[in-house]
Amino acid sequence: MVMPAKARRAGPTVLVTGFEPFGGERINPSRQAVQALHDSRIAGHRVIGAELPTVFGTSLQALRALLRQHRPTLVLCVGQAGGRGALSLERVAINVDDARIPDNAGAQPVDCAVVEGGPAGYFSTLPIKAMRQALLDAGINAEVSQTAGTFVCNHVFYGLMHELTHPEWRGVRGGFIHVPWLPQQGQPSMRLDEMVEGLKLAIEVALRTETDLPLQAGAIS
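1. Regarding the packing of aromatic side chains
Alright, step 1. The final tally for this structure, using the stated rule, is four aromatic pairs.
Alright, step 2. Here phenylalanine 22 and phenylalanine 151 contribute two aromatic rings whose centre-to-centre distance is 5.6 Å and whose plane-to-plane angle is 45°, an arrangement assigned as tilted. Of this pair, phenylalanine 22 sits in the loop between β1 (13-19) and α1 (29-37) while phenylalanine 151 sits in the loop between β8 (142-145) and α4 (152-163), and the two are 129 residues apart along the sequence. You'll find phenylalanine 22 and phenylalanine 151 in the same group, each marked buried.
Alright, step 3. The interplanar angle of 50° and the centroid separation of 4.9 Å between the aromatic rings of tyrosine 122 and tyrosine 158 together place this pair among those described as tilted.

This is the structure in structure tokens:
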């Protein structure tokens, strides 16, 4: 579902997606942040904000439809990661669905492939280390994450990167950012306005940076 537009303007676009609430929660900060970004302008690009269902399979169908409708130059999918205290720039998506809880349609796949016969994983094609450095310089807590989980967020991330390997999408870059809870959901958390500013900055850096920075951002465990 695409957020209502204020006015349609021509030009290059960035597609940013969030998710509906899941797991019995009433809010999802990824949806609220994407709503705030919708129809804004970043580095000469119009931002298209859209909501994906938190459902295996259906979420990817919706994402593919959005890609074909809007023909973006860059795609950023955003999801909630309760328990994290920073904007998590995801490095890699893996080809497995292994759901600890059911999705919003009641499905709970275990050890299933996102794409049958697909590679084990895909790396983000966004400059995640440059994005992280810009966020830290701006006083926004950020990290490079080595796992996007095995729920619908990873499902969408992997499906996006697989889709972007097709010749139709040559030159289109994509990736995934997890956002923390909002303060009313629990701790650690991040305010919505800070989340939105962080996503804006991350998108701007991604649009302006072709080659990532050779900075340390790994993990020991």
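2. What about the sheet that holds strand β2 (residues 41-42)?
Alright, step 1. Spatially, the seven strands line up as an open sheet ordered β2-β3-β1-β4-β9-β5-β8, and their pairing is mixed. Each of the sheet's edge strands pairs with one partner strand only, and the pair in question is β2 and β8.
Alright, step 2. As judged from the four bridges shared by strand β5 (residues 87-90) and β8, these two strands associate in the parallel manner. In the sheet register, serine 88 faces β8, and the bridge partner there is glutamate 143.
Alright, step 3. Docked against the sheet, α4 engages β1, β3 (45-52), β4 (74-80), β5 and β9 (173-179), running at close to 170° with respect to β9.

3. Considerations on the pattern of salt bridges
Alright, step 1. This model, assessed by the stated rule, comprises eleven salt bridges.
Alright, step 2. For glutamate 163, the salt bridge goes to arginine 64, with nearest N and O atoms at 3.4 Å. You can see glutamate 163 sitting in helix α4 and its partner arginine 64 sitting in helix α2 (residues 58-70), a full 99 residues away along the chain.
Alright, step 3. The class of glutamate 163 is buried, set by a relative accessible area of 4%.
Alright, step 4. The residue arginine 208 makes a salt bridge to glutamate 204 at a minimum N-O spacing of 3.4 Å. In this pair, arginine 208 and glutamate 204 are both assigned in helix α5 (residues 192-208), four residues apart and thus about one turn of the helix distant.
Alright, step 5. When its relative accessible area of 59% is taken as the criterion, arginine 208 is described as exposed.

4. Section: the layout of surface pockets
Alright, step 1. The computed volume of the largest pocket comes to approximately 450 Å³.
Alright, step 2. Surrounding the largest pocket, 18 residues form its lining, Phe22, Gln80, Ala81, Arg100 and Phe151 being those nearest its centre.
Alright, step 3. Grouping the constituent residues of the lining of the largest pocket by class yields seven nonpolar, seven polar and four charged.

Definitions and cut-offs
Residues numbered from 1 in each chain as written. Predicted model: local features only at pLDDT ≥ 70, side-chain atom pairs only at ≥ 80, totals over all residues. Heavy atoms only, no water. Phe/Tyr/Trp six-rings, centres within 6.5 Å; stacked < 30°, edge-to-face > 60°. Helix = DSSP H or I, 4+ residues; strand = E, 2+ residues; numbered from the N terminus. Buried < 20%, exposed > 50% of the residue type's maximum accessible area, 1.4 Å probe, protein only. Pairing = 2+ DSSP bridges. Contact = heavy atoms within 4.5 Å. Axes fitted to C-alpha atoms, helices over the stretch in contact; angles between N-to-C directions. Salt bridge = Lys/Arg side-chain N within 4 Å of Asp/Glu carboxyl O. 1 Å grid on protein atoms, 1.4 Å probe; cavity = no way out; pocket = protein on both sides within 12 Å on 5 of 7 lines; lining within 4 Å. Points joined across faces, edges and corners; volume = space filled by probe spheres on them. Nonpolar A, V, L, I, M, F, W, Y, C, P; charged D, E, K, R; others polar.

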